[in-house]
Amino acid sequence: MEDNIIYLDHNSTTPLDPRVLEKMMPFLTDQFANASSNHKFGHEASQAVKKTNNQIAELIGCQPNEIVYTSGATESINLAIKGVAEQYQEKGNHIITVLTEHKAVLDVCGHLESKGLNVTYLPVQPDGLIRLEDLQNAINPETILVSVMVANNETGVIQPIKEIVDITHQAGALFFTDATQAFGKIPLDVDDLGIDLMAFSGHKIYGPKGVGGLFVRSRRPNRVKLESQIHGGGHQNGKRSGTLNVPGIVGLGAATELAGREMEKDSKHASELREFLETELLKIEGTKINGNIKHRLPNTTNIYFHGIDSDALMMGMEKIMVSNGSACTSASIEPSHVLLAMGLSEDEAFCCLRFGLGRHNNFAELEMTIEIVNRQIITLLVI
Ligand SMILES: Cc1ncc(COP(=O)(O)O)c(C=O)c1O
């Protein structure tokens with residue numbers, strides 16, 4: 001990375017861990033075989049994919065054969081929601097999701113609405129959590145799927161997944177979660193939580209970009225069926241055709257194993273750094289943390305700076321990589337739909353920054369960040 005850059009945007013993406021790259025290298029060079037090929041070389045590639053199955057199963061408590069590999073969480077989300085909507089259309093035509101979901105979920109739901117499906121978008125409270133009564137009131141015999149993310153990418157707020165799943169299953173619907181931000185950062189056991197489908201991605205956990213997965217439950221309480229969204233050679237039991245991205249999958253597996261092994265250490269490190277950052281930034285008059293501070297990812301903080309436009313703030317801190325909206329929608333200059341749903345006004349939503357801390361950040365970097373933020377705010381107030 002360029003000298004003096006302070007990277008605090010790990011919710012957007014993470015650097016590839018060198019230990020992950022090392023595991024990928026043979027599959028980018030000598031071991032290039034197609035995992036579907038029926039020869040020794042192909043069998044070795046297929047074995048490498050099976051190893052990733054086991055690494056993921058170990059982290060999330062699923063069976064190794066319950067993973068479908070994709071190009072990332074966006075594709076996993078498309079497969080889960082569209083796949084269920086098409087497969088279960090005879091059963092019902094209603095989906096429930098939340099206003100603060102990632103655009104990948106909201107846009108898929110919008111697309112399905114345009115095809116005639118009914119979608120309920122649950123509101124959130126000012127702290128970002130949904131009200132379980134709202135879900136209870138919205139769910140009905142027509143509901144086939146409830147889609148609620150584990151942790152929000154902008155605020156880190158963690159929804160009460162187990163309670164949501166209970167309500168969903170009592171009504172006979174399936175539960176899907178976009179776990180892109182939570183996977184590898186907090187413990188997630190699909191059986192304990194009762195999750196039916198779960199999307200995740202390699203590049204949020206120091207793995208490669210362009211690879212992700214979807215957990216699809218094949219055992220009690222629900223044997224989930226999915227209509228494939230990519231047709232072709234019938235790979236992955238017909239759920240997603242296309243030659244497997246073996247190096248990417250190997251990288252996803254290595255990153256998953258490391259995330260599991262280092263979760264406690266990473267989590268403690270991130271929360272200590274965050275505590276320091278928040279304590280210092282909250283000394284600035286009018287600053288506030290957006291979102292529930294108890295039910296939150298350890299590495300994320302979203303801060304409101306009273307009367308300070310975040311673009312202007314970021315202009316004076318160009319060596320510090322943070323985000324003032326979710327990276328995936330930052331092509332637009334609209335205020336964050338997440339913060340608006342939490343009750344911030346448009347003006348307020350333009351005054352917020354998200355800090356996503358990571359494995360390699362340190363206190364010296366945060367001291368520098370705090371100093372630069374303070375300096376830039378003083379400059380802006382003088383102007
Ligand atoms: C919560 C959430 N869902 C989905 C995605 C999309 O992930 P991918 O880049 O792997 O398609 C992201 C990425 O920012 C995310 O944060």
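For clarity, every value in this text was computed on a predicted model and none was experimentally measured.

What counts and what doesn't
- Residues numbered from 1 in each chain as written.
- Predicted model: local features only at pLDDT ≥ 70, side-chain atom pairs only at ≥ 80, totals over all residues.
- Heavy atoms only, no water.
- Salt bridge = Lys/Arg side-chain N within 4 Å of Asp/Glu carboxyl O.
- Helix = DSSP H or I, 4+ residues; strand = E, 2+ residues; numbered from the N terminus.
- Buried < 20%, exposed > 50% of the residue type's maximum accessible area, 1.4 Å probe, protein only.
- Domains from an automatic or database assignment.
- Contact = heavy atoms within 4.5 Å.
- Buried area = accessible area lost by both parts, 1.4 Å probe.
- Polar contact = N/O pair within 3.5 Å; in protein donor to acceptor, adjacent residues only side chain to side chain.

Draft legend 1. Representation of the pattern of salt bridges in the model. Counted according to the given criterion, the structure contains 18 salt bridges. Of the charged contacts, one joins R359 and D266 as a salt bridge, the two residues approaching to 2.9 Å between their closest N and O atoms. Placement of R359 in the loop between β12 (352–356) and α13 (363–382) and of D266 in helix α9 (residues 263–281) is noted, with a sequence separation of 93 residues between them. The exposure class of R359 is buried, given its relative accessible area of 14%. Measuring nitrogen to oxygen at the nearest pair gives 3.0 Å for the salt bridge that ties E371 to R375. Taken together, the positions of E371 and R375, both in helix α13 and 4 residues apart, correspond to about one turn of that helix. For E371, a relative accessible area of 45% translates into the label partly exposed. Taken together, the shared-partner salt bridges connect D17, R19, E262, D266 and R359 into one network.

Draft legend 2. Region of interest: the domain arrangement of the protein. Along its sequence, the protein is carved into domain 1 (6–15 + 263–382) and domain 2 (18–261). On a C-alpha basis, the centres of domain 1 and domain 2 stand 27 Å from each other. Contact with domain 1, which involves 31 residues of that partner, is made by 38 residues of domain 2. A buried area of about 2900 Å², summed over both sides, lies between domain 1 and domain 2, and 55% of it is on carbon and sulfur atoms. Of all residues in domain 1, the largest losses of buried area upon contact with domain 2 belong to M263, L297 and R359, amounting jointly to 26% of the total for that side. Run the count over domain 1 and domain 2 and you get 0 salt bridges. Linking domain 1 to domain 2 there are 18 residue pairs in polar contact (both at pLDDT 80 or more). At the level of secondary structure, the elements contributing two or more residues to the side of domain 1 that touches domain 2 comprise β10 (300–304) and α11 (337–341). Considering every element that reaches the side of domain 1 that touches domain 2, the biggest residue donor is α11, with 4 residues.

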